[in-house]
Amino acid sequence: MNPLLQVSGLTKRYGARIGCADVGFSLWPGEVLAVVGESGSGKSTLLNLLSTRLAADAGTIEYALLGRGLTDMAKLSEAERRWLLRTDWGFVEQNPRDGLRMNVSAGANVGERLMATGARHYGQIRSTAQDWMARVELDPARIDELPAQFSGGMQQRLQIARNLVTKPRLVLMDEPTAGLDVSVQARLLDLLRELVTSFGLAAVIVTHDLAVARLLAHRLLVMKGGRVVETGLTDQVLDDPQHPYTQLLVSSILQV
Ligand code: ADP
Ligand code: MG
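Since we're looking at a predicted model, the values are computed, not measured. (Residues numbered from 1 in each chain as written. Chains lettered and ligands numbered in written order. Predicted model: local features only at pLDDT ≥ 70, side-chain atom pairs only at ≥ 80, totals over all residues. Heavy atoms only, no water.)

Moving on: the site of ligand 1. Residues in close proximity to ligand 1 include Tyr14, Arg17, Ile18, Gly19, Glu38, Ser39, Gly40, Ser41, Gly42, Lys43, Ser44 and Thr45, which together make up its full environment. Within the backbone of glycine 42, one N or O atom sits 3.1 Å away from an oxygen atom of ligand 1. Here lysine 43 contributes a side-chain N or O atom positioned 2.8 Å from an oxygen atom of ligand 1. Within the complex, the protein chains bury 62% of what would otherwise be the 560 Å² of accessible surface of ligand 1. Those elements giving two or more residues to the shell around ligand 1 turn out to be strand 2 (17-27) and helix 1 (43-50). Split by residue class, the shell around ligand 1 holds two nonpolar, seven polar and three charged. (Near = heavy atom within 4 Å. Polar contact = N/O pair within 3.5 Å; in protein donor to acceptor, adjacent residues only side chain to side chain. Areas by Shrake-Rupley, 256 points an atom, 1.4 Å probe, with all protein chains shown as cover. Helix = DSSP H or I, 4+ residues; strand = E, 2+ residues; numbered from the N terminus. Nonpolar A, V, L, I, M, F, W, Y, C, P; charged D, E, K, R; others polar.)

Take the layout of surface pockets next. Of the voids in this model, the largest pocket is the one considered here, and its volume is about 380 Å³. Lining the largest pocket are 18 residues, with Leu85, Arg86, Phe91, Arg113 and Asn163 positioned closest to its centre. The set of elements that each furnish at least two residues to the lining of the largest pocket consists of helix 2 (78-87), strand 6 (89-92), helix 3 (96-99), helix 4 (106-116) and helix 6 (152-164). For the lining of the largest pocket, the element with the most residues is helix 2, which contributes four residues. Split by residue class, the lining of the largest pocket holds five nonpolar, four polar and nine charged. (1 Å grid on protein atoms, 1.4 Å probe; cavity = no way out; pocket = protein on both sides within 12 Å on 5 of 7 lines; lining within 4 Å. Points joined across faces, edges and corners; volume = space filled by probe spheres on them.)

With that out of the way, let us pick up the environment of glycine 226. Along the chain, the position of glycine 226 falls in the loop between strand 9 (219-224) and strand 10 (227-233). Residue classification places glycine 226 among the buried residues on the basis of a relative accessible area of 0%. Taking the C-alpha atoms as reference points, glycine 226 and isoleucine 205, 21 residues apart in sequence, are found 16 Å from one another. Apart from the residues within four sequence positions on either side, glycine 226 is in contact with Ile18, Gly19, Cys20, Ala21, Val23 and Ser41. (Buried < 20%, exposed > 50% of the residue type's maximum accessible area, 1.4 Å probe, protein only. Contact = heavy atoms within 4.5 Å.)

The residue glycine 67 is located in the loop between strand 4 (58-65) and strand 5 (69-72) in this model. Between the alpha carbons of glycine 67 and glycine 226 there is a distance of 34 Å; along the sequence they are 159 residues apart.

Turning next to the nonpolar core. Grouped together as the largest cluster of nonpolar side chains are 45 residues, with contacts concentrated most on Val36, Ile160 and Leu220. Considering each element in turn, this core owes the most residues, six residues, to helix 7 (residues 182-199). Counting 30 residues, the second-largest nonpolar core is a separate cluster that includes Val23, Leu33, Met73 and Val204. (Core = buried A, V, L, I, M, F, W, Y, C linked by side-chain atoms within 4.5 Å.)

Let us look at the sheet that holds strand 1 (residues 5-14). What holds strands together in a sheet is hydrogen bonding between their backbones, with the strands either parallel or antiparallel. The antiparallel open sheet is built from four strands, whose spatial order is 2-1-4-5. The open sheet terminates on both sides in strands that have one partner only, identified here as strand 2 and strand 5. Going from strand to strand, the sheet's axes swing by 25 degrees on average, the running direction of each strand aside. Pairing geometry for strand 1 and strand 2, over seven bridges, is antiparallel. Counted as the bridge partner of leucine 10 is valine 23 from strand 2. Along the sheet, helix 1 contacts strand 1, strand 2 and strand 4; its crossing angle with strand 1, the most-contacted strand, is approximately 120 degrees. (Pairing = 2+ DSSP bridges. Axes fitted to C-alpha atoms, helices over the stretch in contact; angles between N-to-C directions.)

With that settled, the discussion passes to the pattern of salt bridges. For the structure shown, the criterion picks out 16 salt bridges. One network of salt bridges, with partners in common, ties together Glu137, Arg187, Asp190 and Glu194. (Salt bridge = Lys/Arg side-chain N within 4 Å of Asp/Glu carboxyl O.)

Geometric values such as these leave the question of function open.
Next up, the structure:
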């Protein structure tokens, strides 16, 4: 089996400041990788590079395109890249308002990505959108309401439905549960875990919260100052951290 995603030497500077430096890893189909580290360690930079929304100074991102095998993302045409981002990849923003279209209905938010995969039948798109609303525990009867009419936690679930409706093979998430009430976070985490498991989704999840990483991720990438300082199986890293920085993170001495 080949990796789904193969990243090497990924580097990004902002002027003299390092965003991320020489980051490399492989992600296997169905594997969930959490990127952890304190604020400013380069987590978002890495995720934005992976999503190709940010151009790297150096390094390569290869993705196993269906039927084509590992392909350098930089070699895709703009149209191919956009199609991939709209169908086979998902991106869940920390703030649902950045990942939803706030001026169209909940149903249109979900249906839009479905149309990108070729769905054309209005009734079918609508019923699939309603199925997905139910799946993320939103009332399907509210399909015609605007996102602003939903609470923050519900908007985040809507964003997740929008991203998963096309059955992507890879989902990138930036702090998907941060910014929500603790009680809402717990339920959302359970839901994410259910969805990731039942669809065999591969995901890269950025989080400063080790409890989130523990619950969702098979493997961890610990970042500090833009570099990977430790990587390994989640339980192994959290129960027996090798790098002094990871030991600090785990012992909660660092305020992350
Ligand atoms: P994290 O998501 O882990 O908090 P970031 O990737 O946002 O970390 O930031 C990594 C480093 O890059 C930090 O030193 C940050 O100040 C810097 N940085 C991030 N984005 C920018 C930007 N647009 N311009 C300049 N510096 C940036
Ligand atoms: Mg960040």
